[in-house]
Amino acid sequence: MVFGSVSSYPRYQQILEEADFKGEDFNLFQVAGQKCLEDGYAAQLLEVIQNEKNKVIIKNMGWNLISPLVRCIFMYKQEDDKREHCLRILDQLAQLCNPKELFLGLLEQIEQTSGEQVCQTVMLLLQPLQTVLLKLQNKKAYSVGLSLAMIMNQLTPLPVPYTKQQIEEDKLGLCQCCNAVVDFAKPFVSEVVKNMEKSSEYNDMELKEELIKFCMRGLRYPLLTAQLEQLEGIEEHPFRHFATEILDILWNIGELIPLVFVHHKGKSPHWENQEFADIERKNSADSLACLSYLVFVQHFGVECFPVVFSPSYLLLCNMTHIEVLLKRTEESVLSKGLDLFESCLLRMEDNSLLHHYLEFRDFINVPQDLVKIMTLCPMEHMRKKSLNILQLLIDKFDTEGKYTLFRCLLKTSNHAGVEGYIIKNIKDQIHLALTKEYDNIWFTGHHLISLLDLVLSLPEGAETDLLQNSDRIMASLNLLRYLVIKDCESDSQTGLWTTLGKIEQNFLKPLRVGLNMSKAHYEAEIKNKKENRKEAQSSNAVCSVTVSGEKMPAMTTGMQLQVLHSALFTFDLIESVLARVEELIEVKTKAVMDENS
């Protein structure tokens, strides 16, 4: 080593006694200190650092020891005395070094760490970093913000533990580290609160802004993707604790309620690059959406809110956040969006949501997002929950709102199953209109006729793919059968009988033609398959199907025949309902003609 042995320390100390040391003395200190640590002389180095005679060079050069010091701390075992000496050296450096120089050295060390050591390094350096920041006089707010941003940037690439087992194991130490970072920020929160108490016109907003940025980062990561339900067997859920601390910070600095109800709070940085601006906007939207989930679903900080907001206003405030969450594909985020939407709707009475809310873009977009989840999400429980929430939304709207929403979804869903579901809801609303005493102008008369134009039609006339649209067609026929049975031709409350000719021309006749064509086509296919079956069996031939460029499992001739027979069964089912509708129309029409004659 540079010192040669412990006995060379007096020479080392002699160099350090001089206040007017030269550049080469800095280099000697750095190399000697590093070598000392690597060779296991941490105790002796601690003595050198504690020596009052060396305070000048320690103050100016001590920060250079941070990197080798961290390496040695991780090298020694927990119970090793050498590790304890290294930790004491780190504490001494925090007390003695130039705050500005040590601040940069600590940040550099955090920035350079990666992988499994990120959380260990951050937790190791948080205390000395906090000590240094509290000493800074100039640019404290900037330095605190830089520290918090650097720490969160280093943590963000780490996977967030999701299951109970992962949270309990905390393999990378993320759960523990996140809560340690909150504790790190508390003295600066106290400083902001103290200054706010001194003056109601607290103008030094820089530190406050940095704390808001930190909270917004914490909401986005790890809380947005974290499992936040209370888990059995975990006494204090680390992410729930972190969420509580984040909301406490926002409450203490007076920003919780404004952030929940005012969507754009704080200074938004000006970006010349539009891509950066879009990223900043998205990040902010994600954070605010997570905040609303914490408040309105998990009820964090809810005791701070005045009970003066109507359920419809809370839904209005949250629709932007719900839309943000529902556009994500991660289960942990998507489920938060569904839970937030459900929570807001459950607060409301049925039929209490005014149709005027559909003038807001979010009230049109969110149902369409629900439809996408119902039809495209690979997770069955998510699809079912989306369907339940869509029905909940329908139930909450007033009559005109239901009518408008039905029209919108029929035009935009592009999915026969969803359209069939909406048509069933329309039938239920017509039933209520016909059986209740009060007038319902939206599901009777000319408004209903306009809606039936959408329902009782085939997208491509007789050439419509009846198999693909079978759910919609069956729902439409069932609705028409109900109308023919329920509505008397004499008063025609629904307007059915005045528009029957149009319905027959645009729906019933093309459907009959389409059914005949489809059945003939599939019957011919079955005949061909049966004729070729022996040849197919002798050659072991199979049919391959490609969907979206991906080859599906091969189908034998028997499997193909089964599919074709299933299609014929669907056509027979449609035809039976169609025949019943035509029969009912004929009977009622004949009865009226007999009365008139």
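Report follows, based on the coordinates.

Conventions we followed
Within any chain, residue numbers begin from 1 and follow the written order of that chain's sequence. Residues qualify for local features only when their pLDDT is at least 70, as the model is predicted, and side-chain atom pairs are given and counted only at 80 or more; totals for whole chains, interfaces and linings, by contrast, use all residues. Note that water and hydrogens are dropped before the side-chain values are worked out from all heavy atoms of the structure. In this description a helix means any DSSP run of H or I spanning at least four residues, a strand means any run of E spanning at least two, and both kinds are numbered starting from the N terminus. Only heavy atoms enter the contact rule, under which two residues are in contact if any of them lie within 4.5 Å. Note on areas: Shrake-Rupley, 1.4 Å probe, and residue coverage restricted to the protein chains presented here. Fitted lines through C-alpha atoms serve as axes, helices being fitted only where they are in contact, and the angles separating the N-to-C directions of these axes extend from 0 to 180 degrees. Convention used here: angles under 35 degrees read as roughly parallel, angles over 145 as roughly antiparallel, angles from 65 to 115 as roughly perpendicular, and any remaining angle as oblique. When residues are sorted by character, Ala, Val, Leu, Ile, Met, Phe, Trp, Tyr, Cys and Pro go into the nonpolar class, Asp, Glu, Lys and Arg into the charged class, and all the rest, Gly among them, into the polar class. Any Phe, Tyr or Trp ring, taking Trp's six-membered ring, that has another such ring centre within 6.5 Å forms a pair; planes under 30 degrees apart are called stacked, those over 60 apart edge-to-face, and the others tilted. Exposure classes here rest on a 1.4 Å probe applied to the protein chains alone. A residue is buried below 20% of its type maximum, exposed above 50%, and partly exposed in between. Whether a charge sits over a ring comes down to the Lys NZ or Arg CZ being within 6 Å of the ring centre and within 35 degrees of the ring normal. To define a nonpolar core, start from buried Ala, Val, Leu, Ile, Met, Phe, Trp, Tyr and Cys residues and group those joined through side-chain atoms within 4.5 Å. The salt bridge definition used is simple: a Lys or Arg side-chain nitrogen within 4 Å of an Asp or Glu carboxyl oxygen. Only residues whose relative accessible area exceeds 30% and that form no salt bridge enter a patch; like-charged residues are grouped when within 9 Å of one another, and nonpolar side chains (Val, Leu, Ile, Met, Phe, Trp, Tyr) when within 5 Å. Here the expected length of a helix is defined as 1.5 Å per residue gap, with one fewer gap than residues.

Turning our attention to the overall build of the protein. A tally of regular secondary structure across the protein gives 26 helices and two strands. For the protein, restricting intrachain contacts to residue pairs at least 6 apart in sequence, the fraction spanning at least 24 positions comes to 75%. When the accessible area of the protein is evaluated, it comes to approximately 30,200 Å², of which 50% is carbon and sulfur surface.

Where helix α9 (residues 140–155) meets helix α12 (residues 206–223), the closest approach of the two axes is 8 Å, and the angle between their N-to-C directions is 10°. In terms of orientation, α9 lies roughly parallel with respect to α12. Contact residues: α9 offers A141, V144, G145, L148, A149, M152, N153 and L155, while α12 offers E206, L207, E210, L211, F214, R217, G218 and Y221. Looking at side-chain class alone, the contact of α9 with α12 contains 10 nonpolar, three polar and three charged residues.

Tallying each qualifying case throughout the model produces 14 aromatic pairs. Between Y403 and W442, the ring centres sit 5.1 Å apart and the planes meet at 50°, which makes this aromatic pair tilted. Here Y403 is found in helix α20 (residues 399–412), whereas its partner W442 is found in the loop between α21 (416–435) and α22 (445–455), with 39 residues between them in sequence. The residues Y403 and W442 share a single accessibility class, namely buried. Each residue in the set F261, F296, F305, F309 and Y313 is aromatic and connected to the rest through ring pairs, giving one cluster. Its end group placed over the ring of Y293, K336 keeps NZ or CZ at 5.5 Å from the ring centre. A cation over an aromatic ring shows up here: K427 above the ring of Y482, its NZ or CZ 5.1 Å from the ring centre.

This next bit is on the nonpolar core. In terms of nonpolar packing, the biggest core is built from 181 residues, with L155, F214, L294, F341, I426 and L511 touching the most fellow members. Apart from residues lying up to four places away in sequence, L511 is in contact with L458, L466, I473, L477, I574 and L578.

Within this structure, the stated rule accounts for 26 salt bridges. Between D286 and K282 there is a salt bridge; the shortest N-O distance is 2.9 Å. Of the two residues, D286 and K282 both sit in helix α15 (residues 274–296), four residues apart, roughly one turn of that helix. Judged by its relative accessible area of 45%, K282 is partly exposed. Salt bridges sharing partners connect three or more residues here, namely E323, K327, R361, D362 and D369.

On the surface, a cluster of nonpolar side chains totalling about 270 Å² of accessible area is made up of V308, F309 and Y313. One can find F309 in the loop between α15 and α16 (311–326). You can call F309 partly exposed: its relative accessible area is 30%.

Look at α9 against helix α11 (residues 174–198): their axes get within 12 Å of each other, and the N-to-C directions meet at 170°. Here α9 is positioned roughly antiparallel relative to α11, judged by the angle of their axes. In contact with K140, V144, S147, L148, I151 and L155 of α9, α11 contributes L174, C177, V181, F184, A185, F188 and E191.

Structurally, the position occupied by D362 is in helix α18 (residues 361–376). Sequence-distant contacts of D362, that is, excluding residues within four places in its chain, are made with M319, T320, E323 and P367.

Secondary-structure assignment places K140 in helix α9. Under the relative-accessibility criterion, K140 is labelled buried at 15%. Here K140 is in contact with L133, L134 and E191, once residues within four sequence places are set aside.

Here the focus is the environment of L477. Structurally, L477 is set in helix α23 (residues 470–486). For the pair formed by L477 and L578, sequence separation is 101 residues and the distance between their alpha carbons is 6.6 Å.

It is worth spelling out unusual backbone geometry at this point. The omega torsion of the bond from Y221 to P222 falls at 10°, within 30 degrees of zero and hence cis. For P222, the location among the structural elements is in helix α12. A positive phi angle, close to 65°, is found at N351, a residue other than glycine. Within the fold, N351 resides in the loop between α17 (331–346) and α18.

All right, on to α17 then. Helix length check: α17 (16 residues) gives 22 Å between terminal C-alpha atoms against 22 Å at 1.5 Å per residue, within 8%. Burial analysis of α17 places 13 of its 16 residues in the buried class, which makes it a mostly covered element.

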